[in-house]
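# Summary of structural features
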Amino acid sequence: MKEKKVQMLCEGAIFVALAQVLSMIKIWEMPWGGSITLGMLPIFLFAVRWGFKWGLVSGFAYGVLQVMFDGGFAISWQSIIGDYLLAFTVLGVAGLCKGKEKGIFWGTILGSAARFLVHLIVGATVWAMYMPDEFFGMTMTSPWIYSFLYNGFYMVIDMILCLVVFGILYKPMHKYLTGADLRKKT
């Protein structure tokens, strides 16, 4: 039992560090924060392997690193809590899919949706005063629509990238992506 806990802690540290490194390799960066990266991928993998509770912990640790090292876009303490600590913590809800055959895919969708919802709410409330008159060629009249479009743009692409990578790795790394290597052998 103690060996499993040490393994979990080591994997958690490695995966959170890997998430931070991957988040620094930006494919695209939005003007007011948010970017297209593979940073969520290790957090989803860890959460699906170790479960909901430890997934939330790893997401929170990743959120703290994002605030510290990513040069985060924050306009207030509410933005720091919402856009970083809470938004990255909820990636851990992917852990609800632990032990499921296609759990890595459903967990990625669930974790991405949870993070998007947090960004949607923070964007429509905290960031509302920065809403432009026009976005994606459309006149903006509602901060909710603006937040939906702004955050949805990069979050959907991030999620798809993670799903594609997991899809490529699923067959050769099946037992790791499902956490089968962690279950007791009888």
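Below or above, wherever it landed, is the structure these notes cover. (Residues numbered from 1 in each chain as written. Predicted model: local features only at pLDDT ≥ 70, side-chain atom pairs only at ≥ 80, totals over all residues. Heavy atoms only, no water.)

### Some details on the layout of surface pockets
The volume enclosed by the largest pocket comes to roughly 250 Å³. Forming the walls of the largest pocket are 14 residues, and the residues nearest its centre are K4, R49, W50, K98 and L182. Elements with a contribution of two residues or more to the lining of the largest pocket: α1 (2-23) and α2 (40-50). Here the residues of the lining of the largest pocket are counted per class, giving six nonpolar, three polar and five charged. (1 Å grid on protein atoms, 1.4 Å probe; cavity = no way out; pocket = protein on both sides within 12 Å on 5 of 7 lines; lining within 4 Å. Points joined across faces, edges and corners; volume = space filled by probe spheres on them. Helix = DSSP H or I, 4+ residues; strand = E, 2+ residues; numbered from the N terminus. Nonpolar A, V, L, I, M, F, W, Y, C, P; charged D, E, K, R; others polar.)

### Comments concerning helix α3 (residues 52-69)
Here α3 contains 18 residues, and its C-alpha end-to-end distance of 25 Å stays within 8% of the 26 Å for a straight helix at 1.5 Å per residue. Among the residues of α3, those classed as buried are G55, S58, G59, Y62, G63 and Q66. Along the axis of α3, the buried residues cluster in a sector spanning 145 degrees; they form a single face. Those residues of α3 that are exposed and aimed more than 90 degrees away from the buried face are K53 and M68. Tucked inside the fold, the buried residues of α3 contact α1, α2 and α4 (77-89). (Expected span 1.5 Å × (residues − 1). Buried < 20%, exposed > 50% of the residue type's maximum accessible area, 1.4 Å probe, protein only. Arc of directions from axis to C-beta. Contact = heavy atoms within 4.5 Å.)

### Side note on the nonpolar core
Core analysis: the largest hydrophobic core is formed by 36 residues, its most contacted members being F44, Y62, L91, I104, F135 and F166. Residue contributions to this core peak at nine residues, all from α2. With residues up to four places along the chain from it excluded, the contact list for F166 reads L41, F44, L45, I104, F105, T108 and L177. (Core = buried A, V, L, I, M, F, W, Y, C linked by side-chain atoms within 4.5 Å.)

### Points about α4
Given 3.6 residues per helical turn, the α-helix brings residues three or four places apart onto the same face. Taken as a whole, α4 has its buried residues at S79, G82, D83, Y84, A87, F88 and T89. As for α4, its buried residues are in contact with α3 and α5 (103-125).

### As for empty space enclosed by the protein
Applying the stated rule across the entire model yields one cavity of 30 Å³ or more. Of the voids in this model, the largest cavity is the one considered here, and its volume is about 390 Å³. Lining the largest cavity we find 27 residues, and of these W32, G33, G34, H119 and Y154 sit closest to its centre. Broken down by element, the lining of the largest cavity gets its largest block of residues, six residues, from helix α6 (residues 143-170).

### Overview of a nonpolar patch on the surface
On the surface, M24, V67, M68, F69 and I80 cluster together into a nonpolar patch covering about 460 Å² of accessible area. When residues of the nonpolar patch are assigned to their parent elements, the largest contribution, three residues, is made by α3. Looking at the element boundaries, I80 is found in helix α4. Classification of I80 by relative accessible area gives partly exposed; the value is 32%. (Patch = residues over 30% accessible without salt bridge, like charges linked within 9 Å, V, L, I, M, F, W, Y side chains within 5 Å. Areas by Shrake-Rupley, 256 points an atom, 1.4 Å probe, with all protein chains shown as cover. Salt bridge = Lys/Arg side-chain N within 4 Å of Asp/Glu carboxyl O.)

### Quick word on the packing of aromatic side chains
Tallying each qualifying case throughout the model produces 13 aromatic pairs. For the pair F136 and F153, a centre-to-centre distance of 5.5 Å together with 55 degrees between the ring planes defines the contact as tilted. On the criterion of sequence distance, the pair formed by F136 in the loop between β3 (134-135) and β4 (138-139) and F153 in helix α6 is long-range, its members being 17 residues apart. An angle of 85 degrees between the planes, with centres 6.3 Å apart, marks the rings of Y150 and Y154 as edge-to-face. Of this pair, Y150 and Y154 both sit in helix α6, separated by four residues, roughly a single helical turn. Here Y150 falls in the buried class, since its relative accessible area comes to 5%. Exposure remark for Y154: the relative accessible area of 2% places this residue in the buried category. What links up through ring pairs into an aromatic cluster is the set F135, F136, Y146, Y150, F153 and Y154. (Phe/Tyr/Trp six-rings, centres within 6.5 Å; stacked < 30°, edge-to-face > 60°.)

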